[in-house]
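One-letter residues, chain by chain:
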Amino acid sequence: MENPSEQEIKYREDTTKVYKELLSIPTVNNAFFTSNDESNENKNQISASIILSQIDITNKKSKFYMSQKTILNDPSSKKNFVISSPIQQELATSIISVSPSHKKVLTIKENPSTEFEFSFDITDGSHLITSITSKDIHKKILNDEWFGSFSWSPCEKYVAFIADSKLNITGFFDKEPKDKVVGDQFVFRDDWGETYSPVANPSIFILDIEKEVVFPVEPFPSDKISAGQVIWTPNGEGLVYVGWNFGKRKLGIRACFNRSSSLYHLDFKEFIKVRNQWKENQKLDPKQTKLTTPLSIVNLIPNGNNGCYRSPRFTPDSSKLIFLGFNERIYAHDTCSKIFSLNWSNDIQQNPPQSFETLLDYKNFNDSTPGVFCQSLPVKPFIDEKTFLFSTAIRTTEMIVSFNIDSKELKVIKIPSTDDEPKLYLLYDIDFESKKYLIGETSVNQPTKVYLVDYLNNQEKQLIYSPKPSEQCNSIFKSFSATVHSVPVSKPTPQPYTESIKSFELIYLKNKNSTQSTPLGCLVFIHGGPHGNLDVGYVLTITYLVSLGYNIIIPNYRGSTGYGKDFVDCLPGYVGDLDVDDCVQAINYTLEKIDNTIDRNKVGVIGGSHGGFLSAHLSRFPIVKTSIMRNPVIDIPSMSTLSDIPDWCFFEAGINLSDPSSQYHTLPSMEEIEKMRKCSPSFHIENIKIPSLLALGDSDLRVPPSQGLLYYRMLRERNVPTKCLMYPKTGHSLDSIDARLDQWINISLWLKKYLN
């Protein structure tokens, strides 16, 4: 390896400084309403907290901070005044939950020195109410968008949450096995895949604040279903949760909305009664170490239909349960969702629902709105008795929408803006009493700002948090602008979608330094999925690429989400074909119709996962001069036997199941292998000659690193310039601290070498 020149060293130092500056801008993780003694008495006062995160480069870890905001309304001037806490409070944990009354805050910390030990601290506005420790009760707490967050009971005496169950097993040489199962210590158990290894048995646990104890809801049927997204019934006597049915094998669940699931009701009142009696019996007979009385559980989805359901929420009058999902077998990992409701009553255990209603059906590409493309509904989604709010992907952006359960009308809420720059909006929290809500507003060159919005006053917004970027960052933000373009397809969409889908969209980031006299290169930044999308929100890494002196093309090719169900459905069976053609068309259209200042000899591609798959495919086209792939899919048939989502490999390659109740088999046939191979970049390896950079996570369960290594070795065999970065203890999203700090500097140096 040659020593770098002084010029190369200076470039490396300069580009590292730019990346460090961009990393210094905090990320808004969440915002929520809180309460204090003054705001309880003063109706003209609202309190909110904002959770921020930032990478500590020196110590290589993420740090979290909380900023307190008080919004005062002056009735005489009809103006709001925002008072901020003078110092942001560093948090010892990012796991925080606010009670329904906004009067209590729960924080959870894991003891790093003791396995399976957690502390649960309950505070109010002025002091610590109690601190509860759980040890060896459960394993990892699952507090995320898939398995759900903490749910307070209406009386605020209990908190329900999801954690991985601790198995009651031991080895052969345990001198006191007691009631443990001996010899099953190393039995293989499926887990829930990418980011969740080794989570195998997600179950419901209860924090009893009055008795200061944590206990499992048992005996939970974790051998049949895994629990998540638990909420309390309005009367506090039951729990409603999502149960994923996994049959003979668990498949990866992250980013997979299509995993078979149902909604269940558990009689908590009966469970507590049985548990209290068991605790009394234990005093007389200490050998009764486990609860054995079966739980009272009811499946709320009648008759079963291979569907997938999520995000249950109760209406304010407790008469209905609203939820999202699909009432049929869905094979695409993400697509347009439906909105459902079922009637609710307090005797649901004795009289389970016989049916449920579809409030909003699928929408398609040419509908006025493309439908529901969101992870979940807010924890408290209702803004009035009949209307709830949520944010959803709508083509190249994300908007806040309202849905009325009586009129069944889905409406985009128009947030006032002072300019024409495309914006993206995120919904954080809703206050039902004041009819106000908290949102994040962002654009390609504007990191997230947080606003308080007045629902009853024409969505009037009050800025309560704005980041303070450095002068250098602001200079970068001003150096480019975004436009959205509809691009005609060059290859017709297959039937039955030929007439309905004739275009796709791209976002173009124009570097203002690119002119006729000084043309700049261009990068095609390709999203993964393929059923995902990229939008007009702020992305640090894309901003960094612009700062390096590039224009950016972001294609939302056919198969992307946010454009209707048919736009998703048209791609499976044509991956490596339609999506590749759309990316090539995006380049040609940009060069010919959008910007004639691009240097055509400096076009590169970059993408992760399926975006890496497409970057590898595009590497055989003469217009592309270099390719950067992050955990790319290279060879679908070999991936099908190793990935946590083997069904993706079969379905996207056009291999369909005739029976919707069956599963794809583990080992593909020779015919299926051939079909998968023809879709793959590996099929075209002889035509790939351009310099290629790979970034891989050694713990990636979704697209195992063997995929990227296969490509790396095939290129080296053919004397193609290539380099592979391998990040330890890093998964599919390449979001470990090491990967985040290293890969983008390496990418900038690669581009400097091969695209300049």
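This text gives an overview of the structure that appears in the document. (Residues numbered from 1 in each chain as written. Predicted model: local features only at pLDDT ≥ 70, side-chain atom pairs only at ≥ 80, totals over all residues. Heavy atoms only, no water.)

## Considering the pairing of strand β9 (residues 128-135)
For a regular strand, the rule is simple: side chains alternate between the two faces of the sheet.
For step 1, the next point in the chain: With seven bridges joining them, strand β8 (residues 117-123) and β9 adopt antiparallel strand pairing. Within the sheet, the bridge partner assigned to E117 lies in β9 and is K135.
For step 2, the next point in the chain: Where β8 folds back on β9, the antiparallel hairpin that results is connected by four residues. (Pairing = 2+ DSSP bridges. Helix = DSSP H or I, 4+ residues; strand = E, 2+ residues; numbered from the N terminus.)

## Thoughts on unusual backbone geometry
For step 1, the next point in the chain: The omega angle of the peptide bond from S197 to P198 is 10°, so this bond is cis rather than trans.
For step 2, the next point in the chain: Locating P198 in the fold gives a position in the loop between β14 (181-182) and β15 (202-208).
For step 3, the next point in the chain: Going from Q495 to P496, the amide bond is cis rather than trans, its omega being 5°.
For step 4, the next point in the chain: In this structure, P496 sits in the loop between β32 (480-488) and β33 (503-511).
For step 5, the next point in the chain: Although it is not a glycine, N631 adopts a positive phi angle of roughly 45°.
For step 6, the next point in the chain: Tracing the sequence through the fold places N631 in the loop between β37 (626-630) and α9 (636-639).
For step 7, the next point in the chain: Of the residues examined, N631 reaches a relative accessible area of 1% and is grouped as buried. (Buried < 20%, exposed > 50% of the residue type's maximum accessible area, 1.4 Å probe, protein only.)

## Digging into the packing of aromatic side chains
For step 1, the next point in the chain: Evaluation of the coordinates by the stated rule reveals 32 aromatic pairs.
For step 2, the next point in the chain: When the centroid spacing of 5.0 Å and the interplanar angle of 90° are considered together, the rings of F147 and Y196 count as edge-to-face. With F147 in the loop between β10 (138-141) and β11 (151-152) and Y196 in the loop between β14 and β15, this pair connects stretches of sequence that are 49 residues apart.
For step 3, the next point in the chain: Overall, the relative accessible area of 1% leaves Y196 in the buried class.
For step 4, the next point in the chain: Among the aromatic side chains, those forming a connected cluster through ring pairs are Y158, F215, W232, F268 and F271.
For step 5, the next point in the chain: Here the basic side chain of K250 rests over the ring of F246, its NZ or CZ set 4.2 Å away from the ring centre.
For step 6, the next point in the chain: Of note, K435 hangs over the ring of F432, and the distance from its end group to the ring centre comes to 4.0 Å. (Phe/Tyr/Trp six-rings, centres within 6.5 Å; stacked < 30°, edge-to-face > 60°. Lys NZ or Arg CZ within 6 Å of the ring centre and 35° of its normal.)

## Some thoughts on helix α1 (residues 6-23)
For step 1, the next point in the chain: Across its 18 residues, α1 extends 26 Å between first and last C-alpha, which sits within 8% of the 26 Å expected from 1.5 Å per residue.
For step 2, the next point in the chain: Among all positions in α1, only Y11, T15, V18, Y19, L22 and L23 are buried. Relative to the axis of α1, the buried residues are bounded by an arc of 140° and lie together on one face. For α1, the exposed residues set more than 90 degrees away from the buried face come down to E6, K10, K17 and K20.
For step 3, the next point in the chain: Summarising the contacts, the buried residues of α1 are in contact with β2 (45-56), α4 (471-478), α5 (540-547) and α13 (737-754). (Expected span 1.5 Å × (residues − 1). Arc of directions from axis to C-beta. Contact = heavy atoms within 4.5 Å.)

## Topic: the sheet that holds strand β22 (residues 320-326)
For step 1, the next point in the chain: Ordered in space as β21-β22-β23-β24, the four strands form an open sheet in which the pairing is antiparallel. Of all strands in the sheet, those bounded by a partner on one side alone are β21 (308-314) and β24 (357-360). Within the sheet, the average angular offset between the axes of one strand and its neighbour, ignoring direction, is 35°. (Axes fitted to C-alpha atoms, helices over the stretch in contact; angles between N-to-C directions.)

## Topic: the nonpolar core
For step 1, the next point in the chain: Formed by 106 residues in total, the largest nonpolar core has its most connected members in F147, I204, I206, L239, Y241, L300 and L321.
For step 2, the next point in the chain: With eight residues, the single largest contributor to this core is helix α7 (residues 578-594).
For step 3, the next point in the chain: Y538, I552, A739 and W750 belong to the second largest nonpolar core, which has 46 residues in total. (Core = buried A, V, L, I, M, F, W, Y, C linked by side-chain atoms within 4.5 Å.)

## With respect to the pairing of β21
For step 1, the next point in the chain: Burial runs high along β21: seven of the seven residues are buried.
For step 2, the next point in the chain: Relative to β22, β21 is paired through five bridges, and the arrangement is antiparallel. Looking across to β22, one finds that C308 is bridged to F326.
For step 3, the next point in the chain: Between β21 and β22, which pair antiparallel in sequence order, lie five residues; one of them, S318, sits at a positive phi of approximately 65°.

## Some points on empty space enclosed by the protein
For step 1, the next point in the chain: For the structure on display, the rule yields three cavities of 30 Å³ or more.
For step 2, the next point in the chain: In this structure, the largest cavity spans a volume of roughly 80 Å³.
For step 3, the next point in the chain: Around the largest cavity, the lining residues are W146, Q229, W244, C256, F257, N258, R259, S261, C308, Y309 and R310. (1 Å grid on protein atoms, 1.4 Å probe; cavity = no way out; pocket = protein on both sides within 12 Å on 5 of 7 lines; lining within 4 Å. Points joined across faces, edges and corners; volume = space filled by probe spheres on them.)

## Some points on the layout of surface pockets
For step 1, the next point in the chain: Of the pockets and cavities examined, the second largest pocket occupies roughly 1100 Å³.
For step 2, the next point in the chain: Taken together, 36 residues make up the lining of the second largest pocket; nearest its centre are K166, L167, N168, E218 and K290.
For step 3, the next point in the chain: At the level of elements, β15, β16 (213-216) and α3 (268-284) are the ones that each hand at least two residues to the lining of the second largest pocket.
For step 4, the next point in the chain: For the lining of the second largest pocket, the element with the highest residue contribution is β16, accounting for four residues.
For step 5, the next point in the chain: The class makeup of the residues in the lining of the second largest pocket is 15 nonpolar, six polar and 15 charged. (Nonpolar A, V, L, I, M, F, W, Y, C, P; charged D, E, K, R; others polar.)

## Here we look at a nonpolar patch on the surface
For step 1, the next point in the chain: Side chains of F172, F173 and V182 sit close together on the surface and give an oily, nonpolar patch of about 420 Å² of accessible area.
For step 2, the next point in the chain: Turning to its location among the elements, F172 is positioned in the loop between β13 (169-170) and β14. (Patch = residues over 30% accessible without salt bridge, like charges linked within 9 Å, V, L, I, M, F, W, Y side chains within 5 Å. Areas by Shrake-Rupley, 256 points an atom, 1.4 Å probe, with all protein chains shown as cover. Salt bridge = Lys/Arg side-chain N within 4 Å of Asp/Glu carboxyl O.)

## As for the packing of α5 against α13
For step 1, the next point in the chain: Here α5 crosses α13 at 30°, and the two axes come no closer than 11 Å. One way to sum up the angle between α5 and α13 is to call them roughly parallel. The handedness of the crossing between α5 and α13 comes out as right-handed. Judged by residue contacts, T541, Y544 and L545 of α5 engage W744, I745, I747, S748 and L751 from α13.
For step 2, the next point in the chain: Here the contact of α5 with α13 is built from residues that sort into six nonpolar, two polar and no charged. (Parallel < 35°, antiparallel > 145°, perpendicular 65-115°, else oblique. Left-handed = near helix turned anticlockwise from the far one by under 90°.)

## Brief notes about the environment of L463
For step 1, the next point in the chain: Along the chain, L463 turns up in strand β31 (residues 460-465).
For step 2, the next point in the chain: In this structure L463 comes out as partly exposed when scored by relative accessible area, which is 34%.
For step 3, the next point in the chain: Considering only alpha carbons, one finds L463 and S417, 46 residues apart in sequence, at a separation of 12 Å.
For step 4, the next point in the chain: If sequence neighbours within four positions are ignored, L463 has contacts with V82, K449, V450 and Y451.

## Considerations on the state of the cysteines
For step 1, the next point in the chain: The final tally for this structure, using the stated rule, is zero disulfides.
For step 2, the next point in the chain: Between C522, a cysteine without a disulfide, and C583, which holds the nearest cysteine sulfur, the sulfur-to-sulfur distance is 12 Å.
For step 3, the next point in the chain: Residue class for C522 comes out buried when judged on its relative accessible area of 1%.
For step 4, the next point in the chain: Free of any disulfide, C649 has its nearest neighbouring cysteine sulfur in C679, separated by 10 Å.
For step 5, the next point in the chain: A relative accessible area of 0% places C649 in the buried class. (Disulfide = S-S within 2.5 Å.)

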